[in-house]
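# Descriptive structure summary
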Amino acid sequence: MNNLKILFAASEAAPIAKVGGLADVIGALPKALAKLNLDIRVIIPFYGAIDRSQYLIKLVKQNITVGTETVNLWQTNLPDSAVPVYLVEHRLFKGKEIYGDSRDVKKFIFFSRALLESAKAIDFAPDVIHLNDWHTAIVPELLKTNPFFSRAKTLLTIHNLASQGIIGSKNLLADGILNANLINTVSPTYAREILTKEFGAGLEKILIKRRRQLYGILNGIDTNYYNPQTDKLIAYNYRAATLKNKTLNKLALQKQLGWPAAEKIALVSLVSRLVWQKGLELIIPLLGGAGVGQAQFVFLGTGEKKYEDQLKQLAKKFPKQISAQIKFDETLAHQVYAGSDIFLAPSRFEPCGLTQLIAMRYGAVPLVRATGGLADTVAPLQKGGRGVSTGFTFKDFAALAFHKTLAKALDFYCNHPAGWRQLQANGMKGDFSWHKSARQYLRLYQKLTNPEIFAKM
Ligand code: ADP
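Please read these numbers as outputs of a predicted model, since none were measured by experiment.

When its secondary structure is counted, the protein chain shows 16 helices and 17 strands. Relative to the globule expectation of 23 Å for 457 residues, the C-alpha radius of gyration of the protein chain, 22 Å, shows essentially globular dimensions. In terms of overall dimensions, the protein chain has a C-alpha envelope of 65 × 50 × 45 Å along the principal axes. By residue count, 58% of the 457 residues in the protein chain fall in the buried class. Counting contacts in the protein chain only where the partners sit at least 6 residues apart, residues at least 24 apart contribute 71% of the total. Surface exposure of the protein chain reaches about 19,400 Å², of which carbon and sulfur atoms provide 52%.

The following block contains the structure:
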């Protein structure tokens, strides 16, 4: 049954080309799947933004015909693995940014056609084509007229329903949902939520139509990469039993941000794309209005100018307590996870969310809105911090609910140090590896390729 051939198609793959969490998934899940004896290969566009000097990239095939155009196919591997990553080279992908171009939809329709022609050109006939988000969601439709892929089944993973790839009357994600053999999203709760009007982003009706083929599989993180015991990007390595060294990271971070070193003051953080989804409306007015209290807040992110400006304003108002780091900075992100006590993720919706998982791995206690994957991964504090609780949660997307929960977390941090250490330890001991999820994906591949099981679905 194993040794299945899987073509994994996406728009990003960490660390080669990363904008957000999608890249983390594509950079890690295929490695976990490869350990299950699958012949799995990733394919992404060869963006102008990819740093060629960082990776060993070799040319595999030149002048592959895609309609009236041609592409070149290059190959590297996911770092520290034998998983091939194919890079499709064409002038459409040469721009500096991965997204944001007015030609995005056309660009990814072309990529979808090109990835099929590329697989064909190297004679890789996959059993399953695993598609990710709207960028490659048109592939099931394209396959219908391509005999080389007569055996191929498709799985579409929805990482974010909010981006749909719309051009004229065509909605690429909707087409993918209708045409893929199976569909999944990245947490069980989000898989249920998207069947409702509130979370369905206009696609709830077609999702309901396909609910029997819709699964929820929780994301993991690359636990080798995100490992406070070995992470080279942080000043001091540590584990649950040596949390004193986490404090040294906090002091180093405070120094780096130009703040007074203060071991006892709670350091609260957020690392995120600064977009509507992430719930900044709950944080910014609170800090600007009620004030900051005794805590320190560091925000690392880029995104909508409105949020960037508001955070910069706050930092100006409270220079010793608020820092707005408006940039994408992988190293600083690790230092923030390692240096902070509380990590915020008050999202309006969250398909899975990786930042809360990374935070827990680094002993930063997450404070999250109980939605989507955040609800599935953060266990709210029970009395005294006993049991397996790992953080703080609130339900209503409302200023008061957030405020109360933050106050509760700060109070617990200040007044219950032993309970706090337990919360940290619980999070640090959690299993956020891809291993379990990879087995669930394998099961879906098996369903797809085993007609007997598939017929019963
Ligand atoms: P999303 O996919 O919606 O962006 P996730 O929580 O799934 O959110 O993943 C976000 C990923 O991007 C995490 O690895 C996080 O650390 C990283 N990230 C987000 N913003 C930044 C930034 N400004 N600098 C460095 N890393 C960032």
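Side chains carrying opposite charge are able to pair once their charged atoms draw close together. One pass over the structure, following the stated rule, counts 16 salt bridges. Residue Asp24 is joined to Lys18 by a salt bridge in which the shortest nitrogen-to-oxygen separation is 3.0 Å. Look at Asp24 and you get buried, because its relative accessible area is 16%. Residue classification places Lys18 among the partly exposed positions, given a relative accessible area of 24%. For Lys18, the salt bridge is made with Glu330, and the minimal N-O distance between the two is 3.9 Å. Placement of the pair is Lys18 in the loop between β1 (5-9) and α1 (21-34) and Glu330 in helix α10 (residues 330-339), with a sequence separation of 312 residues.

To continue, consider the packing of helix α8 (residues 280-289) against helix α13 (residues 399-415). Remark: α8 packs on α13, axes separated minimally by 9 Å, with the N-to-C direction vectors making an angle of 70°. Taken together, α8 and α13 sit at an angle that is classed as roughly perpendicular. α8 and α13 meet at a crossing whose hand is right-handed. Here Leu282, Ile283 and Leu286 of α8 come into contact with α13, specifically with Ala399, Phe402, His403 and Leu406.

This next bit is on the pairing of strand β5 (residues 84-89). Judged by how many residues are buried, β5 sits mostly within the fold: six of six residues are covered. Burial along β5 is two-sided: the face carrying Pro84, Tyr86 and Val88 and the face carrying Val85, Leu87 and Glu89 are both buried. The sheet contact formed by strand β2 (residues 39-45) and β5 spans four bridges and is parallel. Within the sheet, the bridge partner assigned to Pro45 lies in β5 and is Val88.

On to the sheet that holds strand β12 (residues 267-274). Taken in spatial order, the six strands make up an open sheet running β14-β13-β12-β15-β16-β17, and their pairing is parallel. Sheet topology places β14 (322-325) and β17 (392-394) at the edges, where each strand pairs with a single neighbour. Here the strands of the sheet are splayed against their neighbours by 15° on average, with no regard to which way each runs. Strand contacts of helix α9 (residues 305-317): β12, β13 (296-303) and β14, with the helix running at about 145° to β14, the strand carrying the most contacts. α10 rests against β12, β13, β14 and β15 (342-345) of the sheet, and its axis sits at about 145° to β12.

What follows covers the site of the ligand. Around the ligand there are 20 residues in total, and Asp24, Arg273, Lys278, Lys327 and Tyr337 lie nearest to it. Residue Arg273 places a side-chain N or O atom 2.7 Å away from an oxygen atom belonging to the ligand. At a separation of 2.9 Å, an oxygen atom of the ligand approaches a polar backbone atom of Leu354. Compared with its free state, where it exposes 570 Å², the ligand has 92% of that area covered by protein. Among the elements of the structure, α1, β12, β13, α10 and α11 (355-361) are those that each provide at least two residues to the shell around the ligand. The element contributing the most residues to the shell around the ligand is β12, with three residues.

Attention now moves to the packing of aromatic side chains. The tally for this structure, following the rule as stated, stands at 15 aromatic pairs. With 6.1 Å between their ring centres and 45° between their planes, Tyr99 and Phe108 make a pair best called tilted. Overall, the relative accessible area of 0% leaves Phe108 in the buried class. The interplanar angle of 25° and the centroid separation of 6.0 Å between the aromatic rings of Phe392 and Trp420 together place this pair among those described as stacked. Pair noted here: Phe392 is in strand β17 and Trp420 is in helix α14 (residues 417-429), with a separation of 28 residues, a long-range link.

Here the focus is the pairing of strand β7 (residues 153-158). The element β7 is extensively covered by neighbouring structure, given that five of its six residues are classed as buried. When strand β6 (residues 128-132) meets β7, the two strands line up parallel, connected through five bridges. Directly across from Ile129, in β7, lies its bridge partner Thr154. One ladder, built from four bridges, connects β7 with strand β10 (residues 182-185); its direction is parallel. Its bridge partner lying in β10, Leu155 is registered against Leu182.

Calculation notes
- Residues numbered from 1 in each chain as written.
- Predicted model: local features only at pLDDT ≥ 70, side-chain atom pairs only at ≥ 80, totals over all residues.
- Heavy atoms only, no water.
- Helix = DSSP H or I, 4+ residues; strand = E, 2+ residues; numbered from the N terminus.
- Rg over C-alpha atoms; globule rule 2.2 N^0.38 Å.
- Buried < 20%, exposed > 50% of the residue type's maximum accessible area, 1.4 Å probe, protein only.
- Contact = heavy atoms within 4.5 Å.
- Areas by Shrake-Rupley, 256 points an atom, 1.4 Å probe, with all protein chains shown as cover.
- Salt bridge = Lys/Arg side-chain N within 4 Å of Asp/Glu carboxyl O.
- Axes fitted to C-alpha atoms, helices over the stretch in contact; angles between N-to-C directions.
- Parallel < 35°, antiparallel > 145°, perpendicular 65-115°, else oblique.
- Left-handed = near helix turned anticlockwise from the far one by under 90°.
- Pairing = 2+ DSSP bridges.
- Near = heavy atom within 4 Å.
- Polar contact = N/O pair within 3.5 Å; in protein donor to acceptor, adjacent residues only side chain to side chain.
- Phe/Tyr/Trp six-rings, centres within 6.5 Å; stacked < 30°, edge-to-face > 60°.

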